[in-house]
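# Notes for the structure review
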Amino acid sequence: MQPEIVMHSIGWVRGGRTQPLDDSWDCEEAFIELDGRFAPEALAGLAGFSHIEVVFHFDQVADAEINTGARHPRGRSDWPLVGIFAQRGKARPNRIGVSICRLLSVEGLKLKVRGLDAIDGTPVLDIKPVMMGFLPRGAIVEPEWPKELMKDYL
């Protein structure tokens, strides 16, 4: 039996898109509002970073949509059949999303961001600054299909 893991949101995405469309996220602006458990000091120093990594919960994905096997990304049969852990789709077993986005401002308990691929009302689980020392070292290797997938994402 797997141990139960309980997480609580730290805040929510406010504004931006209301529908989870696949492309053109880079121009989307939204806010992340921390909840009342936090004081503004929880965000002290964050404004010095250009980007943040946001961990969130795909709360609007229904149980019936969850994929634990393989699928063609975006349902395109011209792309290879790949396992759920070889793609970044929202219908994941734990519905966890991770996105690196530009941090535009920090005001009290509110972060203004651009390029966060989460919709209005999405629960936020964690926020981390993007630091050069934690980025991958060396060349990043990927198949051709993600390059085609991402060409309209930005």
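Look above for the structure.
Our focus in this paragraph is the pairing of strand β2 (residues 29-34). Covered by surrounding structure in β2 are Ala30, Ile32 and Leu34 only, the residues Glu29, Phe31 and Glu33 on the alternate face being uncovered. Bridge analysis of strand β1 (residues 11-14) against β2 gives four bridges, and the strand direction is antiparallel. Among the inter-strand pairings, arginine 14 is bridged to a residue of β2, identified as phenylalanine 31.

Looking at the second largest pocket, its volume works out to about 200 Å³. In terms of lining residues, the second largest pocket is bounded by Ile5, Met7, His57, Asn94, Ile96 and Leu125. Class assignment for the residues of the lining of the second largest pocket results in four nonpolar, two polar and no charged.

Let's shift gears to the sheet that holds β1. If you walk around this closed barrel you meet the six strands as β1-β2-β7-β6-β3-β8, and the pairing is antiparallel. The sheet shows a mean angle of 45 degrees between the axes of neighbouring strands, taken without regard to direction. As judged from the five bridges shared by β2 and strand β7 (residues 110-114), these two strands associate in the antiparallel manner. Residue pairing in the sheet places glutamate 29 in a bridge with arginine 114 of β7.

Conventions used here
All residue numbers refer to position in the chain's written sequence, counted from 1. Restriction of local features to residues with pLDDT of at least 70 applies here, the model being predicted, together with a cutoff of 80 or more for giving and counting side-chain atom pairs; totals for whole chains, interfaces and linings are based on all residues. Heavy atoms from the whole structure form the basis of all side-chain values; hydrogens and water molecules are not counted. With a 1.4 Å probe rolled over the protein chains alone, any residue whose accessible area is under 20% of its type maximum counts as buried; one over 50% counts as exposed, and the rest are partly exposed. Think of it this way: any DSSP run of H or I at least four residues long counts as a helix, any run of E at least two long counts as a strand, and we number them from the N terminus. Pairing between two strands is assigned when DSSP locates at least 2 bridges connecting them. Any residue with an atom within 4 Å of a point lines the site, the site being either a cavity, points on a 1 Å grid over the protein atoms alone where a 1.4 Å probe fits but cannot get out, or a pocket, an open set with protein on both sides within 12 Å along at least 5 of 7 lines. Grid points are joined across faces, edges and corners, and a volume is the space filled by probe spheres set on the points. Note that Gly is not counted as nonpolar here; it falls among the polar residues with everything else outside the nonpolar set of Ala, Val, Leu, Ile, Met, Phe, Trp, Tyr, Cys and Pro and the charged set of Asp, Glu, Lys and Arg. To get an axis, fit a line to the C-alpha atoms, keeping to the stretch in contact for a helix; angles then go from 0 to 180 degrees between the N-to-C directions.

Geometry only, nothing functional implied.
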